[in-house]
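# A look at the structure
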Amino acid sequence: DAMVIQNPRYQVTQFGKPVTLSCSQTLNHNVMYWYQQKSSQAPKLLFHYYDKDFNNEADTPDNFQSRRPNTSFCFLDIRSPGLGDAAMYLCATSRALAAPKNTDTQYFGPGTRLTVL
Amino acid sequence: KNQVEQSPQSLIILEGKNCTLQCNYTVSPFSNLRWYKQDTGRGPVSLTIMTFSENTKSNGRYTATLDADTKQSSLHITASQLSDSASYICVVSAGNTGFQKLVFGTGTRLLVSP
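Below, the structure is looked at part by part. Bear in mind that the values here come from a model prediction, so they are computed numbers and not experimental data. (Residues numbered from 1 in each chain as written. Chains lettered and ligands numbered in written order. Predicted model: local features only at pLDDT ≥ 70, side-chain atom pairs only at ≥ 80, totals over all residues. Heavy atoms only, no water.)

## Examining the state of the cysteines
By definition, a disulfide links the sulfur atoms of two cysteine residues through a covalent bond. Scanning the entire structure with this criterion turns up two disulfides over all chains. The disulfide bridge from A:Cys23 ends at A:Cys91, spanning 2.0 Å between sulfur atoms. Handedness of the A:Cys23-A:Cys91 disulfide follows from its S-S torsion of about -70°: it is left-handed. Here A:Cys23, found in strand β3 (residues 19-25), pairs with A:Cys91, found in strand β9 (residues 87-94); they are 68 residues apart in sequence, far enough to count as distant. We note that A:Cys23, like A:Cys91, is buried. Each disulfide pairs two cysteine sulfurs, and for B:Cys23 the partner residue is B:Cys90, the sulfurs being separated by 2.1 Å. (Disulfide = S-S within 2.5 Å. Helix = DSSP H or I, 4+ residues; strand = E, 2+ residues; numbered from the N terminus. Buried < 20%, exposed > 50% of the residue type's maximum accessible area, 1.4 Å probe, protein only.)

So, in structure tokens, the structure goes:
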């Protein structure tokens, strides 16, 4: 059974046209993450939510925003997509912000592949 | 700078053979090390997680080892199957308190050939 669901799986948008990617989870996890993964590269963390507390990575462009209206859902908004934003976007969840030696697994969704024309 | 390096970049083996993937890291303070399997076009799936005190952990045909002194880990796959074809990502968790930052390797792309 799918635990982290991402929609759509494939998204095509035009240069500069806003796009929203969706993530939902059935795990009731506190933390939700958004990663950007470009071809043959490691996933890059964009930001994460701990409950409603939003945490942005220092090098995440302002073009990327996120919303978490409730525990189950989290959205990634790209306000003005550029060609360089074409990538796989991965949503992940974990039970809590990791305390010392915490080994909580991050559960990843299947990803949304974004194409920018 | 926190870094995770994996080798080889890619590997082709025959079905039924064993293989070992390597991971070296320079991450401080170390919290735990994870191996993920990522099928093409899918999200990563956790295989193993090891803390500082654990030397080895198995998950079916996958066995991970950790040498915290040399900061090296390996993932051994036994009796490979076609479905093992995927990227294998080593991820090291940094931080002793609060939010743990995951440092990802770029992965080893494994192809199991019939």
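## Some points on the sheet that holds strand β7 (residues 62-67) of chain B
All names here are of chain B. In spatial order, the strands read β1-β3-β8-β7-β6; together these five strands make up an open sheet with antiparallel pairing. Of all strands in the sheet, those bounded by a partner on one side alone are β1 (3-7) and β6 (56-59). Put simply, the sheet's adjacent strands are angled 15° from each other on average, direction ignored. (Pairing = 2+ DSSP bridges. Axes fitted to C-alpha atoms, helices over the stretch in contact; angles between N-to-C directions.)

## Here's the deal with the packing of aromatic side chains
A full pass over the atoms with the stated rule returns 12 aromatic pairs over all chains. Look at A:Phe47 and A:Phe54: their rings are 5.3 Å apart centre to centre, the planes differ by 50°, and that puts the pair in the tilted class. Classification of A:Phe47 as buried rests on a relative accessible area of 1%. In this structure an aromatic cluster arises from ring pairing among A:Tyr33, A:Tyr35, A:Phe108, B:Tyr36 and B:Phe104. Against the face of B:Tyr62 rests B:Arg61, its NZ or CZ located 5.7 Å from the ring centre. (Phe/Tyr/Trp six-rings, centres within 6.5 Å; stacked < 30°, edge-to-face > 60°. Lys NZ or Arg CZ within 6 Å of the ring centre and 35° of its normal.)

## Considerations on the environment of A:Tyr35
Following the sequence through the fold, A:Tyr35 ends up in strand β4 (residues 31-37). Considering only alpha carbons, one finds A:Tyr35 and A:Ala86, 51 residues apart in sequence, at a separation of 13 Å. Apart from residues lying up to four places away in sequence, A:Tyr35 is in contact with A:Pro43, A:Lys44, A:Leu45, A:Leu46, A:Met88, A:Tyr89, A:Leu90, A:Ala92, A:Gln106, A:Phe108, B:Leu102 and B:Phe104. Within the local environment of A:Tyr35, its side chain forms a polar contact with the side chain of A:Gln106, the two groups lying 2.9 Å apart. (Contact = heavy atoms within 4.5 Å. Polar contact = N/O pair within 3.5 Å; in protein donor to acceptor, adjacent residues only side chain to side chain.)

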